[in-house]
Amino acid sequence: MLLFFLVGNVIAQDTKQDTEIDSLVEAALLRKGFKPSKTQFMIRGYGHTGFTSTKSDTGHEKTKESTFDGGTFAPIFLFNHNDRLMFEAELEFTLSHGDLDVGFEYADVMYVLNDYMTVRAGKFLLPFGTFMERLHPSWINRFVSKPLGFGHGGMAPGSGVGVELRGAFYLGNTKWNYSTYLTNGPTINDGSDEPEEAGMLHFENLKDNNTSKAFGGRIGFFPFADSSTEIGYSFYNTNGTGEPGSEYEKTGAFLYALDFSFVKQISALSGLVDIKAQYNNSKVEDAFFTETHDDGDVEDYTFDNESNSFYVQLSYRPTMSGNDFVKNLEFVGRYSEYNTPEGAEWESQSSQYSFGLNYWLSWRSLIKLSYESAELEGGHGSHGAAKVKTFSLHWAIGF
Amino acid sequence: MKTFKIFGIAAIVIGTLATLTLTSCSVEQATAYKSRSGAQAWGENCIRCHSTPSPSSYNDVDWSTIELHMKVRANLTADESKKIFEFLRTAN
């Protein structure tokens, strides 16, 4: 009995000691180990992968292709120094045609000056409209593809290297946001290496080719207090796009964009309606370029260097449905056009219809099933027409 | 010519925006912005680009980091940003 009593006492004491130790350790960890530091480092980002099947018809040749897309991994690095200072960067790793492409999307430092002004410096996404700055990540973009006129070979600038001032404020009974920036200007393709792209603008110059910078900005306006509707105007201007001493040194360019967004849960439709639209226009000052014919003759030519593109997208998600499966479905349609200058070697007119059915697995992950039909006429020295039909099944996730 | 075009387009845009500003001025709206709760601002602003995030997706410290990133990226007002992320930190 005495033995049982002593052993029981020892066990009870040990249990009590263990509990005390546990609480002390917990308190110490809370105080030391898990106490949030003043600086925070975080990795976020997104990725996607899927399957794409394409049928192309040029009138005299029909081709079929299908492939599993290797996927894209786009990590975003956030370093929060304090409540006002942050560094952010995004890389994009893409497997394309058996190669690994690495994209340097942005890397900038930002400082909040006050409630109405934040300054950014470095390489940042340009607020030329809203698509490239806000909507292009694969877990946000409702389609696998970008609208015509955006991305590689497009006319809308995506990012720039320079400084930016931005902010948002209430004015009277309305809400506004603004951004204004000074970046390295675009470079005009003089056609010496790529005659089929003579007169085309190239953006994202990590190092400027002349002293003319690009000055641009965007102003956004919310007419209603529920922030459902936003109307924006953007511009991008430069006084010179060519190399110093070249005839294109003073060839300027002016681009502008109009964007519209309406997102609202509408009870009468039992769901969420999302409308997005953007119109882009680019005008480069007239310049002469050189064309070398097959027989060796050299000829100067010029053209009205004006391009435009637009897209309209409508999506509907029955978020108020009582069925869990149905409420995660999303129906989406998009139309886009892209027209490049008449008379240019890269003259083209293209249009695209897109239809999609998405299923949201969570707030940041979706499966995208889409069908696109595009018609393209001209482009890069070609004067033929092509019809391209694309079927895609992709899975995108933000993290 | 280019300057004329820039000012022409700017005048049209500003005129349109000014008209919309005047038409959107109402007593209801004057108080609507200021009386928006954090949950309302979260539901109305995040969804302009992406689905509304679940508050439980991140802890308080992570939300603070995301707060600065999104305030700048989405061009939120200081008032909206404060309300939205206070709500997320409270509800997670």
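Anything mentioned here points back to the structure above.
Overview of the structure.

Reading the values: the criteria
Residues numbered from 1 in each chain as written. Chains lettered and ligands numbered in written order. Predicted model: local features only at pLDDT ≥ 70, side-chain atom pairs only at ≥ 80, totals over all residues. Heavy atoms only, no water. Helix = DSSP H or I, 4+ residues; strand = E, 2+ residues; numbered from the N terminus. Buried < 20%, exposed > 50% of the residue type's maximum accessible area, 1.4 Å probe, protein only. Contact = heavy atoms within 4.5 Å. Areas by Shrake-Rupley, 256 points an atom, 1.4 Å probe, with all protein chains shown as cover. Buried area = accessible area lost by both parts, 1.4 Å probe. Salt bridge = Lys/Arg side-chain N within 4 Å of Asp/Glu carboxyl O. Polar contact = N/O pair within 3.5 Å; in protein donor to acceptor, adjacent residues only side chain to side chain. Nonpolar A, V, L, I, M, F, W, Y, C, P; charged D, E, K, R; others polar. Phe/Tyr/Trp six-rings, centres within 6.5 Å; stacked < 30°, edge-to-face > 60°. Pairing = 2+ DSSP bridges. Core = buried A, V, L, I, M, F, W, Y, C linked by side-chain atoms within 4.5 Å.

1. Observations concerning the overall build of chain B
And then number 1: Within chain B, the secondary structure is distributed over 5 helices and 0 strands.
And then number 2: Listing each helix as α and each strand as β along chain B from the N terminus yields α-α-α-α-α.
And then number 3: For chain B, the proportion of its 92 residues judged to be buried stands at 48%.
And then number 4: Considering only intrachain contacts with a sequence separation of at least 6, the fraction spanning at least 24 residues in chain B is 58%.

2. Considerations on the overall build of chain A
And then number 1: Looking only at helices and strands, chain A features 3 helices and 20 strands.
And then number 2: Burial status across chain A gives 47% buried among its 399 residues.
And then number 3: For chain A, restricting intrachain contacts to residue pairs at least 6 apart in sequence, the fraction spanning at least 24 positions comes to 58%.
And then number 4: Accessible surface for chain A amounts to roughly 20,000 Å². Of this, 60% is attributable to carbon and sulfur atoms.

3. Here we look at the interface of chain A and chain B
And then number 1: Each partner contributes residues to the interface: chain A has 67 residues there, and chain B has 45 residues.
And then number 2: When the area that chain A buries against chain B is broken down by residue, the three leading residues are Tyr170, Asn173 and Trp363 of chain A, summing to 15%.
And then number 3: Applying the counting rule to chain A against chain B returns 2 salt bridges.
And then number 4: In this assembly, chain A and chain B are joined by 14 residue pairs in polar contact (both at pLDDT 80 or more).
And then number 5: The dominant element in the side of chain A that touches chain B, judged by the number of residues it contributes, is strand β12 (residues 253-266) of chain A, at 6 residues.
And then number 6: The class makeup of the residues in the side of chain A that touches chain B is 33 nonpolar, 15 polar and 19 charged.

4. Topic: the packing of aromatic side chains
Residues and elements named next belong to chain A.
And then number 1: For the coordinates displayed, the defined rule picks out 27 aromatic pairs over all chains.
And then number 2: Their ring planes at 45° and their centres at 5.0 Å tell us that Phe131 and Phe150 sit as a pair that is tilted. In this pair, Phe131 sits in helix α2 (residues 131-135) while Phe150 sits in the loop between α2 and β6 (159-171), placing the two residues 19 residues apart along the sequence. Each member of the pair, Phe131 together with Phe150, is buried.
And then number 3: Seen in terms of ring centroids, Phe303 and Trp346 are 6.5 Å apart; in terms of plane orientation they differ by 85°. Their pairing is edge-to-face. With a gap of 43 residues between them, Phe303 in the loop between β15 (298-302) and β16 (306-317) and Trp346 in the loop between β17 (329-339) and β18 (348-362) connect regions that are remote in the sequence.

5. Concerning the pattern of salt bridges
All names here are of chain A.
And then number 1: With the rule as written, the count across this model stands at 22 salt bridges over all chains.
And then number 2: Residue Glu88 is joined to Arg120 by a salt bridge in which the shortest nitrogen-to-oxygen separation is 3.3 Å. Taken as a pair, Glu88 in strand β3 (residues 85-96) and Arg120 in strand β5 (residues 117-125) lie far apart in primary sequence, 32 residues in all. Just as Glu88 is buried, Arg120 falls in that class too.

6. What to know about helix α3 (residues 38-45) of chain B
And then number 1: For α3 of chain B, the set of buried residues is Gly38, Ala41, Trp42, Glu44 and Asn45 of chain B.
And then number 2: Packed against the buried residues of α3 of chain B are β7 (174-184) of chain A together with α5 (78-91) of chain B.

7. With respect to the pairing of β3 of chain A
Residues and elements named next belong to chain A.
And then number 1: Inspection of the sheet shows strand β2 (residues 62-80) paired to β3 by 7 bridges, in the antiparallel sense. The residue of β3 that forms the bridge with Leu78 is Glu88.
And then number 2: Between β2 and β3, which pair antiparallel in sequence order, lie 4 residues.
And then number 3: Pairing of β3 with strand β4 (residues 99-114), which is carried by 12 bridges, proceeds in the antiparallel orientation. Within the sheet, the bridge partner assigned to Leu95 lies in β4 and is Leu100.
And then number 4: Between the end of β3 and the start of β4, which pair antiparallel, lie 2 residues, with His97 showing a positive phi angle near 50°.

8. Remarks on the pairing of strand β19 (residues 365-378) of chain A
Residue and element names in this part refer to chain A.
And then number 1: Of the pairings in the sheet, the one linking β18 to β19 comprises 14 bridges and is antiparallel in character. When the sheet's bridge partners are listed, Tyr359 is paired in β19 with Ile367.
And then number 2: Between β18 and β19, which pair antiparallel one after the other, the connecting turn spans 2 residues.
And then number 3: Two elements, β19 and strand β20 (residues 385-398), share 13 bridges in a ladder whose sense is antiparallel. By the bridge assignment, Ser365 is partnered in β20 with Ile397.

9. Some remarks on the nonpolar core
And then number 1: With 59 residues, the main nonpolar core has Leu201, Tyr236, Leu255 and Phe289 of chain A together with Ile66, Ile84 and Phe85 of chain B as its most contacted residues.
And then number 2: Among residues more than four places away in sequence, those in contact with Ile66 of chain B are Met42 and Arg44 of chain A together with Tyr58 and Phe85 of chain B.

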